[in-house]
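# Residue-level structure breakdown
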Amino acid sequence: MNGPQIDRRGLLGAGVMAAASVGIAGTAMGQGAVLAPGVSQADLAAALKAFRAVVGDEWVAGDAATLKPWSKSYTPDPSGRHAPVGAVCPANVEQVQALLKIANQYRQPLWPVSTGKNMGYGATTTAAPGQVVLDLKRMNRIISVDTELCTALVEPGVTYQQLRDYLDEHNIPLWIDVPTVGPIVGPVGNTLDRGVGYTPYGEHFMVQCGMEVVLANGDILKTGMGSTKNPSAWQAFKWGYGPYLDGIFTQSNFGVVTKMGLWLMPAPPVYKPLVVRHKHMADVARIVDAMRPLRIAGVVPNVVLMMGAAYQVAMFHRRGEVSDGAGQISDDDIGKFAASHDLGMWNTYIALYGTPAQVAESERIVRGAFAAIDGEVMTQEQMTGNPWFHHHATLMRGGLSLEEVGLARWKGAGGGLAWFAPVAPAKGSETQGQIDLAKQILAKYGFDYTAAFAVGMRELHHIIALLYDKADPAEEKRADACYRELVTGFGDRGWASYRTGVHAMDLVAAQYGDTNRAVNAAIKQALDPNHILAPGKSGIA
Amino acid sequence: MKRLALLALALTAPALAQTGTAQTASLPSGQQLGQVLPQRTPAKTYGSTCGYCHGTNVGPILLGRHLPAGYIRDMVRGGRNGMPAFRPSEVTPAELDALAEWISKAPANPTEHGQ
C-alpha cells in the first residue's frame, strides 16, 4: 500500500530514546514516565499550562502526587513505561476541542479514557510513553432516554450505576447490560473496547447506535443518522448512508467519542437463571458443542459464560486456601476445593427470558441438550446461598457487582491482573488444545490456569486471568514475559486476541498482519496527521 | 408501561434486599437528563462504589472501625494492592471529604459481610 510511512516498530523505542536525550520526565511528571517522541519538557509544561487555562487548575494533574490515581495499574509494567505524564479532565465537548488544538500545537499526545476502570487491560495507563490522559469522566450527562424505542444517548463518563439509577428513579422498566465491574465503568468505554456483558444485549457493539466524535482537528462527526437535518433516527438506525464509520472509532485512536447511543432491553416478564455443572475439565469440548446450536438458534439468548473452577474459586478465595505449592495448582486440588463449595469443574451460566410459556419451552430444550452430555442443570432455588450463582444471576439480568475485583488478590497482595482473550470459532475441537497450551505456558512461569470461555453467537472467547503479585518485581517481570508468550504462542496456532491491555497492544496487532496495520496507519495519518491521539492504541502509532 | 414497571421492580427487589450495600447503592442520585451527576451524599458515594467490595466479600469491612478520615482519603486516591484508585473526576474532592468523614464516623452495618 502506498501512503505515509509510519515507523511503528520504533514507537516504544523512540520513547526510550527520548528519555535518554531529553531526560526522564522527572519525579514531577509521573512515576518513571518518559516524554513522548519529539516532545520536550518545555513543550509538556507549556501544554499543561494551556490545558489549565481551558479546564481550570484543579482539573489538570502534572506531578507524581496528583497523578497517582491515573498511574494505578494492574497490568505488568516492569519498566514503568506506561505511566502517564499528566492528566486533564474536560467538562464538555467545547473543552475537548480546545484541548485537541493545544495538543496539536505542542505535539503532546493525549490518551482518552471514558471511566478509566478497564482493570486488567490498563485502566488509565497508556500504550506508549509520554502521554497525558484525556479523562472524560466528568462528561457524565445522560442526554436522552427514549422509553418507546428503548434507547439512550450518553456521554463517556456515564457509569452503568448512573444509568441504572436514572432508569429506576424514573420508573423506566428497561434493563442495562453490564460487564463484570459495572458500577464503576460505563457503556461508552466498554463498547469502544468491544467489551461484552451477559444478557441478550451482551454484545455491546451490536447494540450501539450512533456516535458523536471529535476528530483530531476539532471537527465534530456524528455517525449514522446523526448528521442529517432531522436526526430523530440517530439511535434507531445504525447504518446511515455510505461507509459505516462507527467501527473505526472502536479499539482505535482515530477520534474522541463524546456521545454514544445504545439500545436497552425491556425488562422481561420472566427471568430464569440456570447453571449447568460438569465434573471434568475434559468435558469442555462437548459443552461447547451442545451450547453452539442453542446460541445460534437463540434458545439461549444471552452471552454464556463457561466458568472454570479455578476462576470461580479465585473470586472469593485466596490461593493459599487451596494450595501452598509454588507451581501451578493442579486440576485435582482445584477440583476438590470446588466440589466442597458446590461448584463443578465447569460451571456454565445461562438464562432464559420471556413469557412463562417461552421460558418453560426453552428450559425443556436446554435440559434435554445437557442431559445428553451429563450436565447437571441447577436452578436459583437449588443454588440458594451459593455466592457464585448469585453473582452470575446478577450479571445475567444486568445487575451491578464488583465481586470479580476479588480476583486481584488471588496471588499475593499486589493486585496483579492481565486479561488474555484469544478468540476461536465456537467448536468443541477448538478448546482442549487451547487449554493445554495455556496451562503449559502459564506453568512455565509459575502461574495458575484461572480461565473461562464465553460463548457468543458463533465465536468462543477464551478469557484467561493472568493473576500475579504486582508487589513482587520479579513476578511482575515473569508475568510480562508470560503474557507475551501467550500472545505469540496462541497467535502461531491461529488464536489471536480480540482485545488486550496497554502492555501488549503492538504485539497483538502484529498477529493481524502487515496489510491490516498499513490500512490502520493510513487512516490514522489521514485523520490525525500529528499523531496526538493515543499513539500506540491497538498498535496504531 | 406501568404494568411492566411493576414487573421490573418485582424482579429486582429481592436482589436489592440482600445486602446493606445494595440498599445504599439504590439511594437516589437525582441526576436529570442533560445534566451532570449532582454531588452525591456520602451514603450514595459509598453505596455506588466502596460498598460493592467493602461489605460484599471482596474488601475489608470499613464501617464501624472509625478509621481516620485522612487515611481513607489516601486509600481512595492511591488504591492499595487490589483496590482501584479513584480519580477526582470519579469521586470529586468535595465528595471525598464528605465520604471520608462519613466512613470514619459511621457505625457498623450488620448486613455487610467481608474478608
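Because the structure is predicted, anything quoted here is derived from the model rather than measured. (Residues numbered from 1 in each chain as written. Chains lettered and ligands numbered in written order. Predicted model: local features only at pLDDT ≥ 70, side-chain atom pairs only at ≥ 80, totals over all residues.)

### A short note on the sheet that holds strand β9 (residues 220-222) of chain A
All names here are of chain A. If you trace the five strands from one edge of the open sheet to the other, you get β5-β6-β10-β8-β9, paired in antiparallel fashion. Both outer strands of the open sheet, β5 (142-146) and β9, are each paired with one neighbouring strand and no more. Each adjacent strand pair in this sheet contributes to an overall mean axis angle of 10 degrees, direction not counted. Note: strand β6 (residues 151-154) against strand β10 (residues 256-263), four bridges, orientation antiparallel. Residue pairing for β10: Leu153 is matched across the bridge by Gly261. Sheet strands in contact with helix α4 (residues 93-106) are β8 (208-214) and β10, and its direction is about 50 degrees off that of β8. Packing against the sheet, helix α5 (residues 160-169) makes contact with β5 and β6, and its axis sits at approximately 50 degrees to β5. (Pairing = 2+ DSSP bridges. Helix = DSSP H or I, 4+ residues; strand = E, 2+ residues; numbered from the N terminus. Axes fitted to C-alpha atoms, helices over the stretch in contact; angles between N-to-C directions. Contact = placed C-beta atoms within 7 Å.)

### Focus on the sheet that holds strand β3 (residues 110-113) of chain A
Residues and elements named next belong to chain A. Here four strands make up an open sheet; going across it, the order is β1-β2-β4-β3 and the pairing mixed. If you trace the sheet from one side to the other, it starts and ends with β1 (60-61) and β3, each paired once. One ladder, built from three bridges, connects strand β2 (residues 86-88) with strand β4 (residues 132-135); its direction is parallel. The residue bridging Ala87 from the neighbouring strand is Val133, located in β4.

### What to know about the domain arrangement of chain A
Residues and elements named next belong to chain A. Domain assignment breaks chain A into domain 1 (11-138 + 521-539), domain 2 (142-266) and domain 3 (270-502). Using only C-alpha atoms to locate each centre, domain 1 and domain 2 end up separated by 25 Å. Taken together, the elements giving at least two residues each to the side of domain 1 that touches domain 2 come down to α4, β3 and α15 (514-527). If one sorts the elements of the side of domain 1 that touches domain 2 by residue count, α4 sits on top with six residues. Across the side of domain 1 that touches domain 2, the residue classes tally to 14 nonpolar, six polar and seven charged. (Domains from an automatic or database assignment. Nonpolar A, V, L, I, M, F, W, Y, C, P; charged D, E, K, R; others polar.)

### A few points about the environment of Leu163 of chain A
Residues and elements named next belong to chain A. Take Leu163: it is sitting in helix α5. For the pair Leu163 and Pro187, spaced 24 residues apart in sequence, the C-alpha to C-alpha distance is 9.1 Å. If we skip the residues at most four places from it in the chain, Leu163 touches Ile142, Ala152, Val154, Val158, Ile176 and Pro187.

### Here's the deal with the pairing of strand β19 (residues 459-468) of chain A
All names here are of chain A. Taken across its ten residues, β19 has nine buried, putting it largely inside the fold. Inspection of the sheet shows strand β16 (residues 416-420) paired to β19 by five bridges, in the antiparallel sense. Of the residues in β19, the one forming a bridge with Trp419 is Ala465. The pairing of strand β17 (residues 423-425) with β19 spans three bridges and is classified as antiparallel. In the sheet register, Ala424 faces β19, and the bridge partner there is Leu460. Sheet topology places strand β18 (residues 451-455) next to β19; five bridges connect them, and they run antiparallel. (Buried ≥ 20, exposed ≤ 12 C-beta atoms within 10 Å, placed from the backbone.)

### What to know about the interface of chain A and chain B
Counting residues at the interface gives 47 residues for chain A, matched by 35 residues for chain B. Looking at the side of chain A that touches chain B, the elements that each hand over two or more residues are α3 (68-71), β5, α5 and α11 (387-395) of chain A. Looking at the side of chain A that touches chain B element by element, the count peaks at six residues for α5 of chain A. Residue composition of the side of chain A that touches chain B, by class: 22 nonpolar, 13 polar and twelve charged.

### Structural notes on the confidence of the model for chain B
Residues and elements named next belong to chain B. Within chain B, residue pLDDT values average 83, and 79% of them lie at 70 or more. Ranking the elements of chain B by mean pLDDT puts helix α1 (residues 2-16) last with 36 and helix α5 (residues 93-105) first with 98. Overall, residues 1-20 carries pLDDT values under 50, and its contacts beyond four positions in sequence, including any with other chains, amount to 25 contacts. The ipTM for the predicted assembly is 0.92, set against a pTM of 0.92. (pLDDT = per-residue confidence, 0-100.)

### Some remarks on the nonpolar core
The nonpolar side chains of a soluble globular protein tend to be buried, and buried together. All names here are of chain A. Core analysis: the largest hydrophobic core is formed by 177 residues, its most contacted members being Val304 and Leu466. Here this core takes seven residues from β19, the largest share from any one element. Contacts of Leu466, omitting those with residues within four sequence positions, involve Ala418, Phe420, Phe447, Ala479, Cys482 and Tyr483. (Core = buried A, V, L, I, M, F, W, Y, C linked by C-beta atoms within 7 Å.)

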